[in-house]
Every structure is written in structure tokens, then in C-alpha cells.
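# Remarks on the overall topology
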Amino acid sequence: MDSHESTFQSALHVMPGVKGGHDGLPGQGSQDAASAENHQHDHHRREMTTQEYLEGIESGDRTRLAKAITLIESNSASHFEKAQEVLKHILPHTGGSIRIGITGVPGAGKSTFIESFGTYLTGAGKKVAVMAVDPSSSVTGGSILGDKTRMEKLATDPNAFIRPSPSGGTLGGVARKTREALLVFESAGYDVVLVETVGVGQSETTVRSMVDFFLLVLVPGAGDELQGIKKGVVELADAILINKADGANLIPAQSARVEYERALHYLQPATEGWQTIALTASAMTGDGIPEVWQTIQNFVQSTQLSGAFQKRRRAQERDWVRALIEGQLKEEFYENPKVQALLPKLDDAVMSGEMPATAAAQQLLEAFRSAQAAK
Ligand SMILES: Nc1nc2c(ncn2[C@@H]2O[C@H](COP(=O)(O)OP(=O)(O)O)[C@@H](O)[C@H]2O)c(=O)[nH]1
Ligand SMILES: [Mg+2]
């Protein structure tokens, strides 16, 4: 970890991500941020108790809140248990925020939008938490939310908290940590939680599965406006924001909005009872930003009234249990020594055409089951 606590208190309230294992589940001997923090700042090297974490979250003190999130992001087995204990206690105080996902290709203006939108919200008296889901961050060193200069005002805003993506490999691990951090922010009284992701692979679907409202940020482009973005992503969105609607881009942005609006009528809406809409804004000038918030408020009001809001949250909880189980099972399977011993041979046999894939899978599963039974 190259950053220290002073980062939290100094000009930029951007917290460091946590390096660690690859899966988001407790590992052995992985670098441990929570204890590193204690070693740096707590000279008697005493681990914080669950009670102290809970008081820290409740206090609203950002340094202590940061510690609780660091605990959640830790990959050590002992911290995992403590984190789960903390989560169990805060659970009754969660659920009160509006959870918003934001996606869009690099350069669309997500960071600039978050700065503008986040500042607008804190100006309206809201407490705003910003997180990112970026499974590539361990490779790239954090490609999203990394650009602090685009979020200068928000980063120093006492009512905003920016937390970069937890680093470490799999989307599943990053997703678990982000979801749990989201609960910590909610129990600490944050009103709006923004979760940013880039359009890579499955990460939009993952973020969609943890938020109430999903915003797709686009820029007006030349030619067919529907080219170049995956239709599947449009279908996840509750609103499409054509950003950079300023200067020479204003007119193209407005016509792009009309085109999207038309196209959206042919698509299945992402949320039951809500017609996905297209908006224009300029994250740079702030034009259209209040309308984005108004749209989200309309969405929340109408889906809460219809029950779609609550229904989605319940389904998300259920799906989350399934996702955790699937992740854990997969993990255990591939870490099983018998499977590890057999896998390369069977891979070769399948690739050389000596063995059908089904037979190879069967043999591996049997090896796994027998190893489990012998435990
Ligand atoms: N003209 C204009 N430029 C913008 C706007 N929003 C973002 N940009 C610029 O677009 C570039 C990419 O923005 P950034 O927020 O980093 O995009 P991200 O990769 O999606 O986070 C930067 O040079 C921004 O200054 C806008 O509303 N209008
Ligand atoms: Mg960015």
C-alpha cells in the first residue's frame, strides 16, 4: 500500500484501494491493509474491535469510516469474520440511500459528470458516496476514478466520499467488496451512492445488479448514433445521458437524444413500469444536471409506488446469495489439489481431440467430489 491515512485528511478525500488476494474472499498471507493501517498509526498495534468499527461508522468521522471499509476490503480470514460481524450489526440501518450505477466508455465524461452531479447533490444537502467497480484496476493501477483532477471539488467536499475500486482480480471479489462498502455508507447516513463502471465485459451487469437506477453516459458521435455501443448495455439503462451537450456539440447532442428516444421505444425497458428516457447534459457547464436528478427522483417515486423498486431490491438480495455461492464453489473447485493435478492433463486431452469435453468435466467433478467426501 503506497498511501497512508494522511491522504484521507488532506486535500483529497480519496481513499486508497486495497491490494490483496484475487477473489475477494479471505486468503492466507495476503497483504493486509487493515493491519498495515494499524501498524502505521496505532503504535500499540491493537486491532480494532467490532464495537469500535460500529462506533466509527456511526460517528460519521471519515477516517473511521475509511477504516471500516478497509476492513471489508481486507483479504485476511480474521478480518473477513470481523467484517461479517460488522455487517450483521449495521444491516438494520441500511437500505436508505438511492443507489445509482453509472457506465459509459472511457472519455464519455463519467468522472466529469460525477464531479458535477455529486457537487449538485451535496449543494442540495445530500451526502454522496462514490465508488467504482473496475476489475482491471489491479492491472492498470485503477483506470476509473483514478483521475482526481476531474473530481477536485467533490474530493474535498466534506459531504462526499470517494472510494476507488477495490483492486484484486475477479469481478466477483470486487463486486462483493463494493456491495458491502455500499451498506457501510448507507448505515453511515449517505443519501446517494454512485457506483461507476466502464463498459468492459460483465461489469455493467454486475453494477446493474446492485443499484436501483442505471445511467448510461454517451457522447454524440458522427453517423448512426446507435453504432458502436452494445445494444445489451442500452437495455440495462433507466436513462441515457448524452453528455457534452455544449458548444459545437449542442445540436448533435440534441439530435442524438431524439434518435435514442425513438430507438428506446423498441427496446424492453430495464425497469418494470418505467420508460427509459434519453437526456442531454453538459457535465462541464452543469446544464441538464438538475434534470438528471429530477429524473431519478421521478423514477424512485414511481417505482416505489408501483412496488417495482422494493421488488428489485429483494430480487437483488436473493441473486446476491446465489452469486456468492457460485463464486465460492468455483473457487473451491479450482483450488482443490486433485483438480489442480488433473486439470492440465485433461485440458491437453481435450485440446488434442483425445477426449470429449463432457467426459473431462465429469472426471474433474468426480475427483472434486471424492476429495470433498474424504474431508
Ligand atoms: N465539452 C465537454 N467536455 C467534457 C464534458 N464532460 C467531459 N468532458 C471532457 O471529456 C474528457 C473525458 O472526460 P472524463 O470525465 O475523464 O471521462 P470518463 O473517462 O468517462 O471518466 C475530458 O477531457 C473532459 O474534460 C462536457 O460536458 N463537455
Ligand atoms: Mg473517468
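Structural data are supplied above this passage.
All residue numbers here refer to positions counted from 1 along the written sequence of the relevant chain. By the order in which they are written, chains take letters starting at A while ligands take numbers starting at 1. Whole-chain, interface and lining totals are the exception, using all residues; otherwise, since this is a predicted model, local features are given only for residues with pLDDT of at least 70 and side-chain atom pairs are given and counted only at 80 or more.

### Considering the packing of helix 4 (residues 62-73) against helix 5 (residues 77-90)
Packed helices, taken two at a time, are described by their axes: the angle between them and the distance between them. Spelled out, the test is: Note on geometry: axes are C-alpha line fits, over the in-contact stretch for helices, and angles between N-to-C directions span 0 to 180 degrees. Helix and strand definitions follow DSSP, with helices as H or I runs of at least four residues and strands as E runs of at least two, each counted in order from the N terminus. Any angle that is under 35 degrees is reported as roughly parallel, and any over 145 degrees as roughly antiparallel; angles of 65 to 115 degrees are reported as roughly perpendicular and all others as oblique. By definition, turning the near helix anticlockwise from the far helix through less than a right angle yields a left-handed crossing, and turning it clockwise yields a right-handed one. Here contacts are defined at the residue level, using C-beta atoms placed from the backbone and a cut-off of 7 Å between them. Three categories are distinguished: nonpolar for Ala, Val, Leu, Ile, Met, Phe, Trp, Tyr, Cys and Pro, charged for Asp, Glu, Lys and Arg, and polar for the others, with Gly belonging to the last.
With their axes 8 Å apart at the nearest point, helix 4 and helix 5 run at an angle of 125° to one another. Overall, the two elements helix 4 and helix 5 adopt an arrangement that is oblique. As for the relative orientation of helix 4 and helix 5, their crossing is left-handed in sense. Two secondary-structure elements touch here, helix 4 through Ala 68, Leu 71 and Ile 72 and helix 5 through His 79, Lys 82, Ala 83 and Val 86. Partitioning the contact of helix 4 with helix 5 into residue classes produces 5 nonpolar, 1 polar and 1 charged.

### Focus: the pairing of strand 2 (residues 128-133)
Condition: A residue is called partly exposed when the number of other C-beta atoms within 10 Å of its own lies between 12 and 20, exposed at 12 or fewer, and buried at 20 or more, with C-beta atoms placed from the backbone. By definition, two strands form a pair when at least two bridges between them are found by DSSP.
The buried fraction of strand 2 is high, at 6 of 6 residues. Judged by which residues are buried, strand 2 turns out to be covered on both faces: Val 128, Val 130 and Ala 132 on one side and Ala 129, Met 131 and Val 133 on the other are all buried. Of the pairings in the sheet, the one linking strand 2 to strand 4 (residues 192-198) comprises 6 bridges and is parallel in character. Counterpart to Val 130 in the pairing with strand 4 is Leu 194.

### Some points on the site of ligand 1
The following threshold applies: Nearness here has a simple definition: the residue's C-beta atom, placed using the backbone, must lie within 6 Å of the molecule or strand.
Near ligand 1, the surroundings consist of 16 residues, among which Gly 109, Lys 110, Ser 111, Thr 112 and Met 284 are the closest. For the shell around ligand 1, the element with the highest residue contribution is helix 6 (residues 110-123), accounting for 3 residues. Of the residues contributing to the shell around ligand 1, the split by class is 4 nonpolar, 7 polar and 5 charged.

### A few points about the nonpolar core
Side chains of nonpolar character tend, in soluble globular proteins, to be buried together. Quick reminder of the rule: To define a nonpolar core, we join buried Ala, Val, Leu, Ile, Met, Phe, Trp, Tyr and Cys residues through C-beta atoms within 7 Å and take the resulting set.
Of all hydrophobic cores here, the largest spans 72 residues; its most connected members are Ile 100, Val 184, Val 193, Leu 215 and Leu 241. The element contributing the most residues to this core is helix 9 (residues 171-187), with 8 residues. Contact partners of Leu 215, with chain neighbours within four places excluded, come to Ile 100, Gly 101, Ile 102, Ala 237, Asp 238, Ala 239 and Leu 241.

### Comments concerning unusual backbone geometry
A negative phi angle characterises most non-glycine residues, just as the trans form characterises most peptide bonds. Within the chain, Lys 244 stands out as a residue other than glycine whose phi angle is a positive 65°. Secondary-structure assignment places Lys 244 in the loop between strand 6 (239-242) and helix 12 (250-264). On the basis of neighbour count, Lys 244 is assigned to the buried category, with 25 C-beta atoms found within 10 Å.

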